[in-house]
Amino acid sequence: MMARMTWVIFDFAGVIGQHQPQESLDGMVKIAGAPDPEAFWAAYWRHRESYDAGAVTADGYWAAVLGAVPEAATVARLVEADVASWLFPDVDTVELIGELADRGTGLALYSNCPLELAEALDRLPWLDPIRNRFYSSRLGQVKPDPAAFRTVAGLLGVEPEDCAFVDDRPANVAGAEAAGMTGFVFTDAATLRRNLAAR
């Protein structure tokens, strides 16, 4: 039996927004004064889940990444640069979201991101068609935990079977499918448009 689908839930980074450009990455390394960029980025991602989940503050996160407590001004600059690095739209996906909104499709956003980034995303005018937005740092749950997807469906007032989830990370899509949602691994907006139309 074909899964029902009345809501499309989008991840942000790598789907609606582009991944961090190299210029932004280089800028953060410079602000941090990191002598070993490879080690810096390994620590950035190693400690990211706790930050995304809202379990640690920006101060705690950047202290863990740098291996020492940085000055408050350095933390502020790192937070600002980190947030800005994620705010580049994928214009093709933004266009597709507009098309879906015009057709009356239920739209939602579910992103693993810290509070500072969540606040910035809520101010982006090109996300206006998506009124239902969920962030790991506010929910205290992170992808790909299937329970997180069930929480999002519950907050939308629907069953997981009524939702499709779109993410560029296969593990996150697998988590959504384990919760009962239809999953789409994102490659580009044109392919997603065809896949959604086929459903």
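Just above, that's the structure.
Right, let's walk through the structure included here. No experiment lies behind these values; they were computed from the predicted model shown. (Residues numbered from 1 in each chain as written. Predicted model: local features only at pLDDT ≥ 70, side-chain atom pairs only at ≥ 80, totals over all residues. Heavy atoms only, no water.)

## Here we look at the sheet that holds strand S1 (residues 7-10)
Quick reminder of the rule: When DSSP finds two or more bridges between two strands, those strands count as paired. Numbering goes from the N terminus for both helices and strands, where a helix is a DSSP run of H or I of at least four residues and a strand is a run of E of at least two. Axis lines are fitted to C-alpha atoms, over the contacting stretch for helices. Their N-to-C directions set the angle, which ranges from 0 to 180 degrees.
Spatially, five strands are ordered S3-S2-S1-S4-S5 in an open sheet, and the strand pairing comes out parallel. In the strand order of this sheet, the two ends are held by strand S3 (132-135) and strand S5 (182-185), each with one partner. The average angle at which neighbouring strand axes cross in this sheet is 20°, direction not considered. Relative to S3, strand S2 (residues 106-111) is paired through four bridges, and the arrangement is parallel. Across the sheet, the residue bridging to Ala108 is Asn132, located in S3.

## Observations regarding the packing of aromatic side chains
The test is simple: Stacked, tilted and edge-to-face are the three classes assigned to paired rings of Phe, Tyr and Trp, where Trp is represented by its six-membered ring and a pair needs centres within 6.5 Å; plane angles under 30 degrees give stacked, over 60 edge-to-face, the rest tilted. Partly exposed residues are those whose accessible area sits between 20% and 50% of the maximum for their type, while under 20% is buried and over 50% is exposed, using a 1.4 Å probe and protein chains only. Comment: the charge-over-ring label is applied if NZ (Lys) or CZ (Arg) is within 6 Å of the ring centre and within 35 degrees of the ring normal.
Summed over the entire model, instances satisfying the criterion amount to 13 aromatic pairs. Taking 5.7 Å as the distance between ring centres and 85° as the angle between the ring planes, the aromatic pair formed by Tyr110 and Phe149 counts as edge-to-face. Taken as a pair, Tyr110 in strand S2 and Phe149 in helix H9 (residues 146-156) lie far apart in primary sequence, 39 residues in all. You can call Tyr110 buried: its relative accessible area is 0%. Summarising the aromatic geometry, the rings of Phe149 and Phe165 are spaced 4.9 Å apart at their centres and angled 70° between planes, so their arrangement reads as edge-to-face. In this pair, Phe149 is assigned in helix H9 and Phe165 in strand S4 (residues 163-167), connecting sequence segments 16 residues apart. With respect to burial, Phe149 and Phe165 carry one shared label: buried. Connected via pairs of aromatic rings, a cluster forms that spans Phe40, Trp41, Tyr44, Trp45, Tyr51, Tyr61, Trp62 and Trp86. Its end group placed over the ring of Tyr110, Lys143 keeps NZ or CZ at 5.4 Å from the ring centre.

Worth remembering: the numbers are spatial, not functional.
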